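What follows is each chain in one-letter form.
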Amino acid sequence: MSLKNVRPSLLFIYVALIFQSVSALFFLGELWGEVLGLRSRPLPWNIQEIIQISASVGLITGVIVTSVFLRRSQQRISALDQQIANVSGNYRAYLESQFINWGLSDSEREIAIFAMKGFSNSEIADLRGTSASTVKSQMTAIYRKSNFMNRQQIISFLVEELLAGVTVEEKKTNAAELPPISWTVSGVN
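Here the structure is a predicted model, which is why all the values come from computation and not from measurement. (Residues numbered from 1 in each chain as written. Predicted model: local features only at pLDDT ≥ 70, side-chain atom pairs only at ≥ 80, totals over all residues. Heavy atoms only, no water.)

Q: Hey, could you run me through the overall build of the chain in this one?
A: For the chain, the helix and strand inventory stands at six helices and two strands. Out of the 189 residues belonging to the chain, those deemed buried represent 22%. When contacts within the chain are restricted to residue pairs at least 6 apart in sequence, long-range pairs at least 24 apart make up 48% of them. Split by element, the accessible area of the chain, about 13600 Å² in all, is 62% carbon and sulfur. (Helix = DSSP H or I, 4+ residues; strand = E, 2+ residues; numbered from the N terminus. Buried < 20%, exposed > 50% of the residue type's maximum accessible area, 1.4 Å probe, protein only. Contact = heavy atoms within 4.5 Å. Areas by Shrake-Rupley, 256 points an atom, 1.4 Å probe, with all protein chains shown as cover.)

Here you go:
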């Protein structure tokens, strides 16, 4: 693995780990050198203080970096767990929780589902046995409560949860050919 392939956050973690390791070695070397009497002459106090301060800073840096890395890892795992739950059949539960967060009524939830399925206002009205103007006013309420401007934005937002780690990479080909698309899921090796 070359340095070009390492993300900046990982590079920082590696540097902090090396600094922490060197600091721990100095600290342990100093401690065991005194305990076992391996040093023939004592170090001057100012050098001893520099070693101890550096070791302390290194160890504290390691604790901070480890805490930040652990927190980010837990957030990433939680997000991936949510994506897996959504993809594995809990998408309806996700939709329901989002509709509850938006404060949608039961009829607004039903209309939002029909809109996601691609039905027009008049088709939704026929399916529900109501007028198109009623559906239109309920769609307006859905836009207001969700803070989106139209049904495409709502659908994009709700479907994005399913696609949140999927990237599309185009391979370079001749201009005459259609570019093949390879799908990868980020964060998964």
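Q: Explain the side chain of Gln 98 to me, please; I cannot follow it from the model alone.
A: As for its placement among the helices and strands, Gln 98 is situated in helix α2 (residues 45-102). The class of Gln 98 is buried, set by a relative accessible area of 12%. Non-local contacts of Gln 98, meaning those with residues more than four positions away in its chain, are made with Phe 157 and Leu 158.

Q: I'm lost on helix α5 (residues 132-146) in this one. Help?
A: With 15 residues, α5 ought to run about 21 Å at 1.5 Å a step, and its terminal C-alpha atoms sit 21 Å apart, in line with that. Within α5, burial applies to Val 135, Gln 138, Met 139, Ala 141, Ile 142, Tyr 143 and Ser 146. Positioned one or two residues after α5, Asn 147 has a phi angle of 65°, which is positive. (Expected span 1.5 Å × (residues − 1).)

Q: Quick question: what am I supposed to make of unusual backbone geometry here?
A: In most cases, non-glycine residues show a negative phi, while peptide bonds are predominantly trans. One non-glycine residue, Asn 147, adopts positive backbone phi at about 65°. With respect to the helices and strands, the residue Asn 147 is situated in the loop between α5 and α6 (151-163). Since its relative accessible area comes to 67%, Asn 147 is described here as exposed.

Q: Would you explain a nonpolar patch on the surface in this entry?
A: Where nonpolar side chains cluster on the molecular surface, the patch consists of Phe 27, Leu 28, Leu 31, Trp 32, Val 35, Leu 36, Leu 38 and Leu 59 and spans about 780 Å² of accessible area. Here Leu 59 shows up in helix α2. (Patch = residues over 30% accessible without salt bridge, like charges linked within 9 Å, V, L, I, M, F, W, Y side chains within 5 Å. Salt bridge = Lys/Arg side-chain N within 4 Å of Asp/Glu carboxyl O.)

Q: How should the nonpolar core be read in this particular structure?
A: For soluble globular proteins, nonpolar side chains are generally found buried alongside one another. One finds Leu 95, Phe 99, Trp 102, Met 139, Ile 142, Ile 154 and Leu 158 to be the most contacted residues of the largest nonpolar core, which totals 20 residues. Of all the elements in the fold, those that place two or more residues in this core are α2, α3 (106-116), α4 (121-128), α5 and α6. Among residues more than four places away in sequence, those in contact with Leu 95 are Ile 113, Met 116 and Leu 158. (Core = buried A, V, L, I, M, F, W, Y, C linked by side-chain atoms within 4.5 Å.)

Q: Could you clarify how one ought to interpret the packing of α3 against α4 in this entry?
A: The angle between the axes and the distance between the axes are what describe a pair of packed helices. Close contact between α3 and α4 brings their axes to 10 Å; oriented N to C, the two are set at 125°. Taken together, the axes of α3 and α4 lie oblique to each other. Classified by chirality, the crossing of α4 by α3 is right-handed. Contacts between α3 and α4 involve Ser 107, Glu 110, Ile 111, Phe 114 and Ala 115 on the former and, on the latter, Ile 124, Leu 127 and Arg 128. Class assignment for the residues of the contact of α3 with α4 results in five nonpolar, one polar and two charged. (Axes fitted to C-alpha atoms, helices over the stretch in contact; angles between N-to-C directions. Parallel < 35°, antiparallel > 145°, perpendicular 65-115°, else oblique. Left-handed = near helix turned anticlockwise from the far one by under 90°. Nonpolar A, V, L, I, M, F, W, Y, C, P; charged D, E, K, R; others polar.)

Q: Just to check I follow, could you spell out the packing of aromatic side chains for this structure?
A: Two measures describe an aromatic ring pair: the distance that separates the ring centres and the angle between the ring planes. Inspection of the entire model under this criterion finds five aromatic pairs. Plain terms: the ring middles of Phe 114 and Phe 119 are 5.7 Å apart, the flat faces sit at 80° to each other, and that makes the pair edge-to-face. What makes Phe 114 buried here is its relative accessible area of 18%. Pairwise contacts between aromatic rings join Phe 99, Trp 102, Phe 148 and Phe 157 into one cluster. (Phe/Tyr/Trp six-rings, centres within 6.5 Å; stacked < 30°, edge-to-face > 60°.)

Q: So what exactly am I meant to see when it comes to the environment of Ile 113 here?
A: Here Ile 113 shows up in helix α3. The contact partners of Ile 113, leaving out residues within four places of it in the chain, are Arg 92, Leu 95 and Phe 99.

Q: Looking at this structure, I do not really get the packing of α4 against α5. What am I missing?
A: Across the interface, α4 lies against α5 with an axial gap of 8 Å and an inter-helix angle of 110°. Between α4 and α5, the crossing angle belongs to the class labelled roughly perpendicular. Between α4 and α5 the crossing geometry is right-handed. Together, Asn 121, Ser 122, Ile 124, Ala 125 and Arg 128 of α4 and Ala 132, Val 135, Lys 136, Gln 138 and Met 139 of α5 make up the contact between the two elements.

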